[in-house]
Amino acid sequence: MNPAAVAAIRRATLWATVVAFLALAWFTWLPTPWGDAPDWTCPQGQAVSGCTEVSAPLTRKLLFYHPASAWAAFAAYLVTFALSIAYLNERRLRDDTTARAAAEVGFLMNTIALATGTLWGVQEWFKSDRAALATVYTDPKVLVVLVLWLTFAAYLLLRRLVDGAERRARLAAVFGVLGFLGVPASFLVSKLVGTDLHPDDPKMTGYQHLIFYWAFAAFTLLFVHLFLARLRLARLEERLADLEDLETLHAE
Amino acid sequence: MPSDATTFFAAFGTIALALGAYLWHLERRGRVLEERLATLEAAKARSNADARDGGKP
């Protein structure tokens, strides 16, 4: 693709992301344009996810950030998975560097999802007879996502530790394919275990649904922008490596 | 047990810090790479010009 077009898309996604997040902040904080203040207090009878009592109305606003960041991480890992398979089939190093860019952004989004989820879980699932963190990290879905996070931490680490571009790319591609298995596992595990603590489809009002999907769009835009920005660095590094190789050849 | 407000602001602080730090890192690293690339390309252009002139001053 033409580099000027990619740069234009990168700039456009940056501005679209800024606008989407400003709107998201407005939707979650301020009254709606038609005058109703969104109801965050979870009154009796309104079945919002995990909302059996009004324990943390502020923290509950993470409903619009935590799942959306997890979705962006999963989308990034899907890109890594597809490009890792492409690398293993075609052995093009460019697929490997693109997979790495997606994995790095996915890891960041996964970190945000884990951190916000931990804080939210500590507030919402806190039970006086158990340590709050233990309650969060014994949830099967959280455990699977933690394993996913550790797998991609290892993916990024091995890229720094392994010498030889081909060997590094091959190992990373295997990690990228195996690591992605955690994504479908995170959806399956709550169905298999049958816990309702961490639902895939939280019950919400119409307005909350609207903000929920807006947040998904905002995080998707953010992922696209960060991915393109990271990809630009990868291409610059490739050009620099080529030039430095030439310099070394001339010097010899 | 942290309060509702503490948890909420800690969560938003985490999001803002993580994204801000990553965007700053991408921007800074991009600038460093572009400068290095420009230096190398200028040096390459100079050496090409020297080679074309046959080493004449």
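Up top is the structure.
Bear in mind that the values here come from a model prediction, so they are computed numbers and not experimental data.

Chemist: Explanation requested: a nonpolar patch on the surface in the structure shown.
Modeler: A grouping of L14, W15, V18 and L22 of chain A is seen on the molecular surface, where their side chains present a nonpolar patch of about 410 Å² in accessible area. Residue classification places L22 of chain A among the exposed positions, given a relative accessible area of 60%.

Chemist: Help me out: how do you make sense of the packing of helix α1 (residues 3–29) of chain A against helix α8 (residues 206–251) of chain A in this one?
Modeler: Between two packed helices, the angle of one axis relative to the other and the distance separating the axes together describe the packing. Residues and elements named next belong to chain A. Packing of α1 against α8 brings their axes to within 8 Å, and their N-to-C directions diverge by 150 degrees. It follows from the interaxial angle that α1 and α8 lie roughly antiparallel. For the crossing formed where α1 meets α8, the hand is left-handed. The residue inventory of the contact of α1 with α8, partitioned by class, reads 20 nonpolar, 4 polar and 2 charged.

Chemist: So what exactly am I meant to see when it comes to the side chain of D96 of chain A here?
Modeler: Assignment of secondary structure puts D96 of chain A in helix α3 (residues 93–124). A polar atom in the side chain of D96 of chain A sits 2.7 Å from the side chain of R159 of chain A.

Chemist: Where do I start with the nonpolar core in this structure?
Modeler: Proteins that are soluble and globular tend to have nonpolar side chains buried together. F64, Y77, M109, F219 and L226 of chain A are the most contacted members of the largest nonpolar core, which totals 62 residues. Broken down by secondary-structure element, the contributors of at least two residues to this core are α1, α2 (66–90), α3, α5 (140–161), α6 (165–180) and α8 of chain A together with α1 (4–52) of chain B. In terms of residue count, α8 of chain A provides more of this core than any other element does, 16 residues in total. Contact partners of Y77 of chain A, with chain neighbours within four places excluded, come to A103, G106, F107, N110, L148, F152, F180 and V183 of chain A. Within the second largest apolar cluster, 5 residues are counted, among which are V122, W125, V136 and V142 of chain A.

Scoring rules and cut-offs
- Residues numbered from 1 in each chain as written.
- Chains lettered and ligands numbered in written order.
- Predicted model: local features only at pLDDT ≥ 70, side-chain atom pairs only at ≥ 80, totals over all residues.
- Heavy atoms only, no water.
- Patch = residues over 30% accessible without salt bridge, like charges linked within 9 Å, V, L, I, M, F, W, Y side chains within 5 Å.
- Areas by Shrake-Rupley, 256 points an atom, 1.4 Å probe, with all protein chains shown as cover.
- Salt bridge = Lys/Arg side-chain N within 4 Å of Asp/Glu carboxyl O.
- Buried < 20%, exposed > 50% of the residue type's maximum accessible area, 1.4 Å probe, protein only.
- Axes fitted to C-alpha atoms, helices over the stretch in contact; angles between N-to-C directions.
- Helix = DSSP H or I, 4+ residues; strand = E, 2+ residues; numbered from the N terminus.
- Parallel < 35°, antiparallel > 145°, perpendicular 65-115°, else oblique.
- Left-handed = near helix turned anticlockwise from the far one by under 90°.
- Nonpolar A, V, L, I, M, F, W, Y, C, P; charged D, E, K, R; others polar.
- Polar contact = N/O pair within 3.5 Å; in protein donor to acceptor, adjacent residues only side chain to side chain.
- Core = buried A, V, L, I, M, F, W, Y, C linked by side-chain atoms within 4.5 Å.
- Contact = heavy atoms within 4.5 Å.

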